[in-house]
Amino acid sequence: MKYLELTVGAVLVYNFVLSRFLGICPFLGVSKRLDTALGMGGAVTVVMALASCITSLIANFLLRFSWGGKVIDLGFLRVLMFILVIAALVQLLEIMLQKLSPVLYRALGIYLPLITTNCAVLGAATINAESARGVLDSTIFGAFSGIGFALALVLFSSLREKLELAAPPKAFEGTPLALVTAGILAMAFAGFSGLC
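These remarks concern the structure in this document. None of these values were measured; they are calculated from a predicted model.

**Looking at the nonpolar core**
Here's step 1: Within the largest apolar cluster, 41 residues are counted, with the highest numbers of intra-cluster contacts made by Leu 18, Phe 27, Ile 115 and Val 121.
Here's step 2: Counting only elements with at least two residues in this core, the list comes to α1 (2-13), α3 (34-62), α4 (78-100), α6 (119-130), α7 (135-163) and α8 (175-190).
Here's step 3: Per-element accounting of this core gives the leading share, 8 residues, to α3.
Here's step 4: Those residues within four positions of Ile 115 in sequence are excluded, and the remaining contacts are Met 40, Ala 43, Val 44, Val 47, Ile 86, Val 90 and Val 121.

**What about the pairing of strand β1 (residues 64-67)?**
Here's step 1: Where β1 meets strand β2 (residues 70-73), 4 bridges bridge the pair, whose relative direction is antiparallel. Note on β2: the bridge partner recorded for Trp 67 is Lys 70.

**Here we look at unusual backbone geometry**
Excluding glycine, residues mostly carry a negative phi; peptide bonds, for their part, are mostly trans.
Here's step 1: Backbone geometry at Phe 21 places phi at a positive 60°, although glycine is not the residue there.
Here's step 2: Its place among the elements puts Phe 21 in the loop between α1 and α2 (24-29).
Here's step 3: Located in the positive-phi region is Ala 132, a residue other than glycine, with phi close to 55°.
Here's step 4: Among the structural elements, Ala 132 can be located in the loop between α6 and α7.
Here's step 5: A relative accessible area of 62% places Ala 132 in the exposed class.

**Some remarks on the packing of α7 against α8**
Relative orientation and spacing of two packed helices are given, respectively, by the angle between their axes and the distance between those axes.
Here's step 1: One can describe the packing of α7 onto α8 by two numbers: an axis separation of 11 Å at closest approach and a directional angle of 135°. Classified by the angle their axes make, α7 and α8 are oblique. As α7 packs across α8, the resulting crossing turns out to be right-handed. Contacts between α7 and α8 involve Leu 151, Ala 152, Leu 155, Phe 156, Leu 159, Arg 160 and Leu 163 from the first element and Leu 177, Ala 178, Thr 181, Ala 182, Leu 185 and Phe 189 from the second.
Here's step 2: In terms of residue class, the contact of α7 with α8 is built from 11 nonpolar, 1 polar and 1 charged.

**Remarks on the packing of aromatic side chains**
Here's step 1: For the structure shown, the criterion picks out 3 aromatic pairs.
Here's step 2: Geometrically, the ring pair formed by Phe 16 and Phe 141 is edge-to-face, given 6.2 Å between the ring centres and 65° between the ring planes. Residue Phe 16 is located in the loop between α1 and α2, and its partner Phe 141 is located in helix α7; the two are separated by 125 residues in the primary sequence.
Here's step 3: Given the relative accessible area of 0%, Phe 16 is considered buried.
Here's step 4: Residue Phe 141 is classed as buried on the basis of its relative accessible area, which comes to 4%.
Here's step 5: With centroids separated by 4.5 Å and ring planes inclined at 20°, the aromatic side chains of Phe 27 and Phe 156 adopt a geometry described as stacked. Separated by 129 residues along the polypeptide, Phe 27 in helix α2 and Phe 156 in helix α7 bring together distant segments of the chain. Each member of the pair Phe 27 and Phe 156 is classed as buried.

About the cut-offs
- Residues numbered from 1 in each chain as written.
- Predicted model: local features only at pLDDT ≥ 70, side-chain atom pairs only at ≥ 80, totals over all residues.
- Heavy atoms only, no water.
- Core = buried A, V, L, I, M, F, W, Y, C linked by side-chain atoms within 4.5 Å.
- Buried < 20%, exposed > 50% of the residue type's maximum accessible area, 1.4 Å probe, protein only.
- Helix = DSSP H or I, 4+ residues; strand = E, 2+ residues; numbered from the N terminus.
- Contact = heavy atoms within 4.5 Å.
- Pairing = 2+ DSSP bridges.
- Axes fitted to C-alpha atoms, helices over the stretch in contact; angles between N-to-C directions.
- Parallel < 35°, antiparallel > 145°, perpendicular 65-115°, else oblique.
- Left-handed = near helix turned anticlockwise from the far one by under 90°.
- Nonpolar A, V, L, I, M, F, W, Y, C, P; charged D, E, K, R; others polar.
- Phe/Tyr/Trp six-rings, centres within 6.5 Å; stacked < 30°, edge-to-face > 60°.

Take a look at the structure:
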């Protein structure tokens, strides 16, 4: 039951983009085409899951330990360590995508290295550390938070592709229509708030 609540909460109830409003830059920037949104969603999911696992290990075993009978707390280094881990993971992912899928690498463009500064990834790591979750729970939370991010991205990109065929009023063309659509999608996700 605990894992069901953790997974449903991460994907639907506390969705990083539509409920916590973190990671909006790639959400708006990469959501014009469904294939690009799927690629970015997958990349963020991988980074978020791995970063949650590694940062949980760091928070639980490296930043707080006993030495000579004293508890040493290096919690003030937490954000710095988390950012370094996330940056290293994104660099690794970027190299792999460049070699394995050059088309996706070019399609993601500047948004791929921006995963490093995606506050949703850092937010997941920080929430895990503040909640004192274990490594398994942190990894599950990170993976399903990434899936929630990907779900929001795919839903939004699908809506934007359909809206390209519409004829909105001149004042709503482009960014205004995208922002109104994102707001309506966020309101729809607010309906999941009673699940957990």
